[in-house]
Amino acid sequence: MKQTTHRSSRGMTLIEMLVSIMVFVLAMTSIIATVRSFYRTNTYAVDQTSAVSSAQRGVESMVKAFREAAYSSNGAYPILTIGAHDVTLYADVDTDPFVERVRYFIQGTSLLRELTDPAGDPLVYGASQVSSVVSETVRNIEQGVTTFKYYDEEGDEITNYAEIAEVRFIEMNVVVNVDPLRLPNQLILRSTAALRNL
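The rules behind each value
Residues numbered from 1 in each chain as written. Predicted model: local features only at pLDDT ≥ 70, side-chain atom pairs only at ≥ 80, totals over all residues. Heavy atoms only, no water. Helix = DSSP H or I, 4+ residues; strand = E, 2+ residues; numbered from the N terminus. Rg over C-alpha atoms; globule rule 2.2 N^0.38 Å. Buried < 20%, exposed > 50% of the residue type's maximum accessible area, 1.4 Å probe, protein only. Contact = heavy atoms within 4.5 Å. Pairing = 2+ DSSP bridges. Patch = residues over 30% accessible without salt bridge, like charges linked within 9 Å, V, L, I, M, F, W, Y side chains within 5 Å. Areas by Shrake-Rupley, 256 points an atom, 1.4 Å probe, with all protein chains shown as cover. Salt bridge = Lys/Arg side-chain N within 4 Å of Asp/Glu carboxyl O. Lys, Arg positive; Asp, Glu negative; His and termini not counted. Charge placed at Lys NZ, Arg CZ, Asp CG, Glu CD. Axes fitted to C-alpha atoms, helices over the stretch in contact; angles between N-to-C directions.

As for the overall build of the chain
Part 1 of the argument: For the chain, the count of helices and strands is two helices and nine strands.
Part 2 of the argument: The C-alpha radius of gyration of the chain comes to 31 Å, more than 25% above the 16 Å expected for a compact globule of 198 residues.
Part 3 of the argument: Each principal axis of the C-alpha atoms in the chain carries an extent, and together these give about 120 × 35 × 25 Å.
Part 4 of the argument: A burial count over the chain gives 31% of its 198 residues as buried.
Part 5 of the argument: If you take every contact in the chain between residues at least 6 apart in sequence, the share linking residues at least 24 apart comes to 52%.

Examining the sheet that holds strand 7 (residues 157–158)
Part 1 of the argument: Strand order in the open sheet made by the four strands is 7-6-8-9, with antiparallel pairing throughout. The sheet terminates laterally at strand 7 and strand 9 (187–194), the two strands that pair on one side only.
Part 2 of the argument: As paired elements, strand 6 (residues 148–151) and strand 8 (residues 169–176) share four bridges and run antiparallel to each other. When the sheet's bridge partners are listed, Lys149 is paired in strand 8 with Glu171.

Points about a negative patch on the surface
Part 1 of the argument: A cluster of acidic residues, Glu153, Glu154, Asp156, Glu163 and Glu166, forms a negative patch at the surface.
Part 2 of the argument: By secondary structure assignment, the location of Glu154 is in the loop between strand 6 and strand 7.
Part 3 of the argument: The exposed category is assigned to Glu154, whose relative accessible area is 65%.

Things to note about the sheet that holds strand 4 (residues 110–119)
Part 1 of the argument: One open sheet holds the five strands; their spatial order is 1-2-3-4-5, and the pairing between them is antiparallel. Sheet topology places strand 1 (79–82) and strand 5 (124–135) at the edges, where each strand pairs with a single neighbour. Within the sheet, the average angular offset between the axes of one strand and its neighbour, ignoring direction, is 20°.
Part 2 of the argument: As defined by bridge partners, strand 3 (residues 100–107) adjoins strand 4 across seven bridges and the pair is classed as antiparallel. Looking at strand 4, one finds that Tyr104 is bridged to Arg113.

Some words on the pairing of strand 1
Part 1 of the argument: Here strand 1 runs beside strand 2 (residues 86–91); their pairing, made up of three bridges, is antiparallel. The residue of strand 2 that forms the bridge with Ile79 is Leu89.

Remarks on the pattern of salt bridges
Part 1 of the argument: For the structure on display, the rule yields three salt bridges.
Part 2 of the argument: Between Arg103 and Glu114 there is a salt bridge, with its nearest N and O atoms 3.8 Å apart. Of this pair, Arg103 sits in strand 3 while Glu114 sits in strand 4, and the two are 11 residues apart along the sequence.
Part 3 of the argument: Overall, Glu114 belongs to the buried group, its relative accessible area being 14%.
Part 4 of the argument: With a closest N to O distance of 3.6 Å, Arg139 and Glu142 form a salt bridge.

Structural notes on unusual backbone geometry
Glycine aside, residues mostly have negative phi, and peptide bonds are mostly found in the trans state.
Part 1 of the argument: With an omega of 10°, the peptide bond running from Asp121 to Pro122 counts as cis.
Part 2 of the argument: Position of Pro122 relative to the elements: it lies in the loop between strand 4 and strand 5.
Part 3 of the argument: The backbone of Thr137 shows a phi angle near 55°, a positive value even though the residue is not glycine.
Part 4 of the argument: Turning to its location among the elements, Thr137 is positioned in the loop between strand 5 and helix 2 (140–143).

Points about the side chain of Asn140
Part 1 of the argument: Mapping Asn140 onto the fold places it in helix 2.
Part 2 of the argument: Setting aside residues no more than four positions away along its own chain, Asn140 makes contact with His85, Ile106, Val145, Thr146, Thr147, Asn173, Val174 and Val175.

What to know about the side chain of Asn177
Part 1 of the argument: Following the sequence through the fold, Asn177 ends up in the loop between strand 8 and strand 9.
Part 2 of the argument: A relative accessible area of 2% places Asn177 in the buried class.
Part 3 of the argument: The residues contacting Asn177, other than those within four sequence positions of it, are Tyr44, Gln48, Thr137, Arg139, Pro184, Asn185 and Gln186.

Listed below in structure tokens is the structure:
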């Protein structure tokens, strides 16, 4: 008669356990490396998207201010100064009873807005200014792109910035790029505004 011995299955041997742990560790290491690479690669895209979105909101607020340009609370002409990277005008941007002096300009890589409320009797626009960032990571100056272009009623570009009274139309170009050394390249936001109250 033949004798059969039954081995009881009590679990895995030490070698089987070590091999299983090693396979698990290798699989987790590769998954973690892939996820880290994905996040590192896409962080730039997320940052660029956020910067572009912020710049779009800023351009929309500039367009609104330009369209609402009006004579100042003390009767001054709606446009005070114009330049390639800055413009100062009067507009009611905060819906109070007064028209504010608004200046948009680039400083470093930021597009800024300065607001000055009139005060006193008679009303004067003093030195009390409130500055805020319209958009960051703006690369207009380093890319050589003009931020503001001005046109007269015939549609001809105004290059002599002393011809303030001729301005009827403003074009804005905002170059946004979080990191100029990485692709994709910068994105240029363009918008235009007709000055309605002139």
